[in-house]
Amino acid sequence: MSLRAFIAGMPKAELHVHHVGSASPQVVAGLAARHEGRTSVPADPEALAKYFEFTDFAHFIEVYLSVVDLIRDAEDVRALTYGVAQDMARQNIRYAELTVTPYSSVKRGIPGEAFMEAIEDARVAAEKELGVTLRWCFDIPGEAGLESAEVTERLALDLRPDGLVSFGLGGPEIGVPRPQFQPFFDRARAAGLHSVPHAGESTGPETVWDALRFLGAERIGHGTQSVGDPALMDHLGEHRIPLEVCPTSNIATRVVTRMEEHPIRQMVDAGLVVTVNSDDPPMFGTDLNREYEVVADLLGLDEAGVAELARNAVRSSFMEDGGKTRLLAEIDAHLAGGLPEA
Ligand SMILES: [Zn+2]
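Let me begin by describing the structure that accompanies this report. None of these values were measured; they are calculated from a predicted model. (Residues numbered from 1 in each chain as written. Predicted model: local features only at pLDDT ≥ 70, side-chain atom pairs only at ≥ 80, totals over all residues. Heavy atoms only, no water.)

1. Topic: the pairing of strand β2 (residues 93-100)
Then, in step 1: Within β2, seven of the eight residues are buried, leaving the element largely enclosed by the surrounding structure.
Then, in step 2: In this structure, strand β1 (residues 12-18) lies alongside β2, joined through five bridges in parallel fashion. Across the sheet, residue A13 finds its bridge partner in β2, namely Y95.
Then, in step 3: Where β2 and strand β3 (residues 133-141) come together, six bridges link them in parallel fashion. When the sheet's bridge partners are listed, L98 is paired in β3 with W136. (Buried < 20%, exposed > 50% of the residue type's maximum accessible area, 1.4 Å probe, protein only. Helix = DSSP H or I, 4+ residues; strand = E, 2+ residues; numbered from the N terminus. Pairing = 2+ DSSP bridges.)

Right under this line is the structure:
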């Protein structure tokens, strides 16, 4: 079996992947068809594939926002969520913590209750019909400031959907200091949600320190720039704080210049817990299988090495223990070339 086929067939968990950012051309085509005549996004899959060919980062943002604009009612939210789960099922992703930004949808007029019902409806259907377990990370879009933090906290704690496991912080890091979000993370953590902010993606190691000190980060979204600070690397290793690494995203957003220069090698050599993730896969022209191929190539991994990375994601997830044991056994069985024992 080729390594590529091994990766494709491997049961996987994904920890860093965004809801709207996961909308594939097929999913977007479906949404565009629902709003035909009221959107500039083409509904024809071929035209749409062209539309998804980004010329530069500004174009990516433009396309991303036009997809955000297609999420207008609860049915759009349900269709998007279920469509994302279908794409995951095709890649043998069995479990995903999907980063959802409810603030954007609620701001656009979808009532919070209807939004929760839509994602939960899709989650239950995905588990039953596709064998994909979804959990939610509600994230604050940092660029929208403290108002968005308030709204996100209220939605998370007052309307808490069954699938919600964690609280996050995304958006640009430059000009958006992390410590200001501490009270929101304090309350979310007190309510039992895990803390998984983005940090050290477009700014330096000090942002990762802030995420650890002020936001109680249990995993770091990206953390790419951590390698610039040996004390931070020691801390991350000593406390076994996983990094959610998204290689192709880092190239697309130019926080890493060339894939050969990606710091994942230093992270692994330093003994950090590294997980492989896709971030906004169709928008970056990738998927989780492709990201495993990229990392296997960078680190020179064989099947056993790739399986170990997949185990890292399971162990670093907020899945209940029984689910972790089952998925780890499935990975072991895939590596052994057989089926897991009943
Ligand atoms: Zn992200």
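Read on, since the account is not over.
2. Digging into the sheet that holds β3
Then, in step 1: Strand order across the open sheet formed by five strands is β1-β2-β3-β4-β5, with parallel pairing between neighbours. The two strands at the open ends of the sheet, each matched to only one other strand, are β1 and β5 (194-195).
Then, in step 2: Here strand β4 (residues 164-170) pairs with β5 via two bridges, running parallel. When the bridges of β5 are listed, S166 appears paired with H194.

3. Description of the side chain of S24
Then, in step 1: Relative to the elements of secondary structure, S24 occurs in the loop between β1 and α2 (25-34).
Then, in step 2: Since its relative accessible area comes to 7%, S24 is described here as buried.
Then, in step 3: Within the structure, the side chain of S24 is placed 2.8 Å from the side chain of D87, a separation counted as a polar contact.
Then, in step 4: Beyond its immediate chain neighbours, meaning those up to four positions away, S24 contacts D87 and P282. (Polar contact = N/O pair within 3.5 Å; in protein donor to acceptor, adjacent residues only side chain to side chain. Contact = heavy atoms within 4.5 Å.)

4. Some details on the pattern of salt bridges
Then, in step 1: Taken as a whole and assessed by the stated rule, the structure comprises 22 salt bridges.
Then, in step 2: With a shortest N-O distance of 3.2 Å, D73 and R34 are connected by a salt bridge. In this pair, D73 is assigned in the loop between α4 (57-68) and α5 (74-90) and R34 in helix α2, connecting sequence segments 39 residues apart.
Then, in step 3: Take D73: its relative accessible area is 28%, and that puts it in the partly exposed class.
Then, in step 4: The partly exposed category is assigned to R34, whose relative accessible area is 38%.
Then, in step 5: A salt bridge links E261 to R258, with the shortest nitrogen-to-oxygen separation between them at 3.0 Å.
Then, in step 6: Classification of E261 by relative accessible area gives partly exposed; the value is 43%.
Then, in step 7: On the accessibility criterion, R258 (43% relative accessible area) is partly exposed. (Salt bridge = Lys/Arg side-chain N within 4 Å of Asp/Glu carboxyl O.)

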